[in-house]
Every structure is written in C-alpha cells, then in structure tokens.
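Chain by chain, the residues run as shown.
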Amino acid sequence: MTINTAFMIQTFLDVLAGIPVTLELTFITLLVSFPIAFFMALQKLEKKKFSGKIVSGYVSFIRGTPVVLQILFLYSLLPTILNYFIKEVLNLDVDIFALNPIIYAFVVFSLNTIAVLTEVFRSALLTVEHGQLEAALAIGLNKRQAYARIIIPQAVVFALPNLCNATINLMKSTSLAFMMTVKDITAIAKVNAAYGYNYIEAYLVISVLYIILCTVVQFGYGAVERYFSLYKRISTN
Amino acid sequence: MLEIRNVYKAFGNNQVLNGVDLKVNKGDIIVILGPSGSGKTTFLRTINFLEKADKGTIDFDDIHTELQSASHKTINKIRKKTAFVFQNYNLFANKTALENVTEGLIVARKVPKEEAIKRAKDALDKVGLSERYDYYPSQLSGGQQQRVGIARAIAVNPDVLLFDEPTSALDPELIGEVLSVMKKLAKEGATMIVVTHEMSFAQEVASRVVFMDGGVVVEEGTAKQIFTAPKEKRTEQFLRRIVRDYDYVI
C-alpha cells in the first residue's frame, strides 16, 4: 500500500473549510453551557435543596450514557417529537426536518458539556475554604458580592486545568457531529476518503489537524492560567 | 447595648446551646471560657448569624429580632455593627493585606476608596503591619495573618468585636503578638466578646468572664471572682485542669 500524498494535500485543503464548524460547535457550546453549569453547580453545593438533587440526577444520567448513544437518541427522536409538537399542538406550518442539523449538535453537546462543567465548577468552588465565604459575610458583603469578589476569582484558578480538559474533550467529541450530517472536519474527511477508499490518509490528515487545534487551546488556557494565578505565583517566589 | 436571650441551637440530634443569655455593655471585655464542645464558639457565631439559632432573641441598640427568623436586611445590619475574628484567620487569599481590610469598607459600606485606603492603613499600622500592605496572605506568618484579620475587623469601627479562639491556630511563639494587639484594643475601650483558652488574657483584661458548659452559662462574674472563688463545682474543675498554677492563684 502506498500513501497518496496528493490526496492528503487536497484533503487537508478541503478540511480547512470544516475548522470554523468545529470551532463554532466547541465555543458556542461552551458559551451556552458556562452560565447554566455554574448555576447548576451552585444548586448542587446546597445539598438540602431539592433542585440540587435534580442536578445530581441529571449529571449522573448524562455521565452514565455514551455520547454516541445520546446523539443517536436525540437525532432520531427530537425531530419527530418536535414535528408532532409543532404540527399537532401548535398548528404551525414549520418544516422541522429542514432545520440545520447543527442545531441538534449544539443541543447534544451542550447537554453533555453542562454536566461536565457542573462538576468542574462544583469541585473548583469547593477548593475555596468555606471560611472565606463566612469572613466575607461577616464584614457585611452579601452572598452575591462574596461569590463575585472572593470565591469565584479563586475558584476560576482551580477550575482552569479542568476547563482546559473539558474544552479539549468537547472539541474532540464534536467529531461525532458527522453522525448528524454536520459538515465538520471529520465529515469532510470521510466524504473525501469515500471516493477512493483513502481512509488512512484522510484520518492521518485530520489527526494532525485535531492535534494542532487542541495544542492551540492548551496554550490559550496556559496563558489565562498564568494571568489569573498572579496571587499564587507571587507566594511561590 | 447588646442583649442576647435564650439561644437554642442543635446540630441534628446534638443539642449544642440550651438557652444561653448574654448582656453586653459598651466597653465590656467579655471572655467566654469553657471546655471544648460547650457551645461557646457556636454561641459567638449565632450573634452575627454565621450560625442560625433555632430559637432566641437579640437586641442590638434599636434592632430587635428573633434569631431564627431574622430578615436578610436585619442580618446585614447586625453584621455591619459587628466584626468577627476567626480562629483560622479566613483572609481572602486573592487579596493583599490592604485589600482584605478595604473590602468591607468599599464594597459593604460604600466608603470612598481613598478614605477606605487611609482607614485600612491606619488599622494595619495599629496591629503593627505597616510594612506589609501589599503582601498576600500566603506570604505572611500565622501571627501576621491573624493581625490582618484583626485589622480587617477594627477598620469598620464595629460596635462589638467578636473573637473566636483567635490564637488557637498559632504557634506558641506567635500567640504573644496577637494577644498584645488585643490587649491594646481593650485598653482603648473597644467592646469585645472573646472565646479563648488564654487564661492570662482573661485574667488581665476581662471585665467579665462567662463560663459555659453543656450549652448553658454555668457561671458569670469578674475575672477575679471566677479565677479565685468560683461558685460552681464545674467551673472549679475546669480551671483546675486548664490553669496549671490554679492552686497558687487561690
């Protein structure tokens, strides 16, 4: 077997068009998940609350099922259910099947990322000693101010390595979007490969591409981490 | 000025406070003594609502409220009239010594920034940390951290200072610097409620000593009364264990 380098170069150029889709899937999902997961982490920290139990159940459910399964379920179920709902209940004339499949990808990845980030935020918030919250309340700050000014700035520093991990995992799992006919990097590579059975070459090309993308993300987080941990860095000097 | 009555508090099945009363007048230095588990720290924490009592009332100047059903607004009012010094300092790790002190002034009390910084520097000078304004808590020793904790408390000019075992987490050689700051404050007329095991502090500066055991106030009196002629057997037993030279004191 010989490696078809001409094909590889062509595929590389073709999959570049998929990068914006992959990035969009990653970052819009993160943007949507961030505030929701943070709110859910706060709920989960207050153990007595009923809402905390719901959050725990949700996180367990999402973490307990494979992403592939979630995609299969959602992609086959959601359009049918939505279609029924819009046509029969709301009596609207909207063709749900004409919807851009990337919407479903956003939904699946967000559901997943929310669960992951809830745990990331919860563990990060736990690393800041409860005493600091008490001290903030004791000097007259309200709970919102205490979180915004004391707890969260410290929790962010602890959360960053795990956030980096979550971002990279998410970016890699967006490759599953091809199952929902979204034309991301992986989808384009697979289509190209299918013409002449050049699967190995196509996969090699996108492997390199994913490594590059993930490395860039890592460097980005590294810079942010250095910036935010200023107060910790001083103490180690 | 401050009167707390009939405070009850349970953690699960563990009844920690069984009807504690305390009356505080301006300028009082009240030292609460008692064996561990007697509820003294819990009682101190119910005063500024770090712990929510199951039952009890508080009268603080013109504020009157039930401890168990106080509104957020009342709680915040009382918190702004008090200041708390913690056993393990609880300084804000992401803020410098100066920022730790200004936080309660600028954010909670809306003091203009320049005035807040001036007041914070005064407070830090008072506790002997004029060289450490821009240090982060992790760069300070335990004694220095606790003195920042005290500066943070006095900078807001509280009506009552609450101390929860302020020297218990310190190395023996660092206890002195914290105690001397507290003695200085006492001499200047601050009103203080202090939970401590430092008998020398109680003997030297307390205007009143309260002995707690089993969630109740067993005995209350001047330092001299409590240390030289305790009325209750339990007080005597406790002092005998704690104060090594107790027999000589008699």
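Residues numbered from 1 in each chain as written. Chains lettered and ligands numbered in written order. Predicted model: local features only at pLDDT ≥ 70, side-chain atom pairs only at ≥ 80, totals over all residues. Heavy atoms only, no water.

(A) Region of the structure containing the nonpolar core. Ranked by size, the top nonpolar core spans 96 residues in total, and within it Leu-25 of chain A together with Leu-2, Ile-4, Phe-43, Ile-47 and Ile-193 of chain B carry the most contacts. Broken down by element, the residue count for this core peaks at 13 residues, all from helix α7 (residues 143-173) of chain A. When neighbours within four sequence positions are excluded, Ile-193 of chain B is seen to be in contact with Leu-2, Leu-22, Val-24, Ile-30, Ile-32, Leu-44, Ile-47, Val-160, Leu-161, Leu-162 and Phe-163 of chain B. If you look at the next biggest cluster of nonpolar residues, it comprises 55 residues, including Val-31, Leu-98, Val-209 and Val-243 of chain B. (Core = buried A, V, L, I, M, F, W, Y, C linked by side-chain atoms within 4.5 Å. Buried < 20%, exposed > 50% of the residue type's maximum accessible area, 1.4 Å probe, protein only. Helix = DSSP H or I, 4+ residues; strand = E, 2+ residues; numbered from the N terminus. Contact = heavy atoms within 4.5 Å.)

(B) Here's a closer look at the pairing of strand β9 (residues 208-213) of chain B. All names here are of chain B. Counting buried residues along β9, 6 of its 6 residues qualify, which places the element largely inside the surrounding structure. Judged from the 4 bridges that link them, strand β3 (residues 29-33) and β9 form a sheet pairing that is parallel. Within β9, the residue paired with Ile-32 across the bridge is Val-210. Remark: 2 residues form the turn of the hairpin made by β9 and strand β10 (residues 216-221), two consecutive strands paired antiparallel; Gly-214 in that turn has positive phi of roughly 60°. (Pairing = 2+ DSSP bridges.)

(C) Examining the sheet that holds β10 of chain B more closely. All names here are of chain B. One open sheet accounts for 6 strands, arranged β6-β7-β8-β3-β9-β10; its pairing is mixed. The open sheet has two edge strands, β6 (82-85) and β10, and neither has a second partner. Here the strands of the sheet are splayed against their neighbours by 20° on average, with no regard to which way each runs. Its contacts with the sheet place helix α5 (residues 142-154) against β6 and β7 (160-164), and it is angled at close to 175° to β6. Each of β3, β9 and β10 touches helix α9 (residues 233-242); the most contacted strand, β9, lies at about 100° to it. (Axes fitted to C-alpha atoms, helices over the stretch in contact; angles between N-to-C directions.)

(D) A look at α5 of chain B. The first and last C-alpha atoms of α5 of chain B sit 18 Å apart over 13 residues, in line with the 18 Å expected at 1.5 Å per residue. With 13 of 13 residues buried, α5 of chain B is to be regarded as a mostly interior element. (Expected span 1.5 Å × (residues − 1).)

(E) Examining a nonpolar patch on the surface more closely. Residues Val-68, Leu-69, Leu-72, Phe-73, Leu-77 and Ile-81 of chain A make up a contiguous nonpolar surface patch of roughly 530 Å² in combined accessible area. With respect to the secondary-structure elements, Leu-72 of chain A resides in helix α4 (residues 67-89). (Patch = residues over 30% accessible without salt bridge, like charges linked within 9 Å, V, L, I, M, F, W, Y side chains within 5 Å. Areas by Shrake-Rupley, 256 points an atom, 1.4 Å probe, with all protein chains shown as cover. Salt bridge = Lys/Arg side-chain N within 4 Å of Asp/Glu carboxyl O.)

(F) Examining the environment of Ser-200 of chain B more closely. Residue and element names in this part refer to chain B. Looking at the element boundaries, Ser-200 is found in helix α7 (residues 199-205). For Ser-200, a relative accessible area of 33% puts it in the partly exposed group. Counting along the chain gives 185 residues from Ser-200 to Gln-15, while the straight-line C-alpha distance between them is 30 Å.

(G) Examining the sheet that holds strand β1 (residues 2-11) of chain B more closely. All names here are of chain B. Pairing is antiparallel in the open sheet, where 4 strands are placed in the order β2-β1-β4-β5. Two strands in the sheet have a free side with no partner beyond their single neighbour: β2 (14-24) and β5 (63-66). Each adjacent strand pair in this sheet contributes to an overall mean axis angle of 10°, direction not counted. Here 5 bridges tie β1 to strand β4 (residues 55-60), and the two strands are oriented antiparallel to one another. Its bridge partner lying in β4, Tyr-8 is registered against Lys-55. Packing of helix α1 (residues 40-47) onto the sheet brings it into contact with β1, β2 and β4, and relative to β1 it is tilted by some 120°. Sheet strands in contact with helix α2 (residues 72-81) are β4 and β5, and its direction is about 125° off that of β5.

(H) Examining the side chain of Thr-22 of chain A more closely. When you line up the elements, Thr-22 of chain A lands in helix α2 (residues 19-45). The contacts of Thr-22 of chain A, once residues within four sequence positions are left out, are Met-171, Thr-174, Asp-184, Ile-185, Tyr-210 and Leu-213 of chain A.

(I) Geometry of the pattern of salt bridges. One pass over the structure, following the stated rule, counts 19 salt bridges over all chains. Put simply, Glu-119 of chain A and Arg-122 of chain A hold a salt bridge, and the shortest N to O gap is 3.2 Å. On the criterion of helical spacing, the pair formed by Glu-119 of chain A and Arg-122 of chain A is a turn pair, its members being 3 residues apart in helix α5 (residues 102-127). With a shortest N-O distance of 3.9 Å, Glu-103 of chain B and Lys-95 of chain B are connected by a salt bridge. The two residues Glu-103 of chain B and Lys-95 of chain B agree in class, both being buried. One connected set of salt bridges, linked through shared partners, spans Lys-44, Glu-119 and Arg-122 of chain A.

(J) A look at the confidence of the model for chain B. All names here are of chain B. Looking at chain B as a whole, the pLDDT averages 92, with 97% of positions reaching at least 70. For chain B, per-element mean pLDDT is lowest for helix α10 (residues 246-249), which scores 52, and highest for strand β8 (residues 192-195), which scores 96. Here the predicted complex carries an ipTM of 0.91, next to a pTM of 0.83. (pLDDT = per-residue confidence, 0-100.)

(K) Fine view of the packing of helix α3 (residues 97-108) of chain B against α5 of chain B. Residue and element names in this part refer to chain B. Remark: α3 packs on α5, axes separated minimally by 8 Å, with the N-to-C direction vectors making an angle of 25°. Between α3 and α5, the interaxial angle falls into the category roughly parallel. Crossing of α3 against α5: the hand is right-handed. Of the residues in α5, those in contact with Ala-97, Asn-100 and Val-101 of α3 are Val-148, Ala-151 and Arg-152. Here the residues of the contact of α3 with α5 sort into 4 nonpolar, 1 polar and 1 charged. (Parallel < 35°, antiparallel > 145°, perpendicular 65-115°, else oblique. Left-handed = near helix turned anticlockwise from the far one by under 90°. Nonpolar A, V, L, I, M, F, W, Y, C, P; charged D, E, K, R; others polar.)

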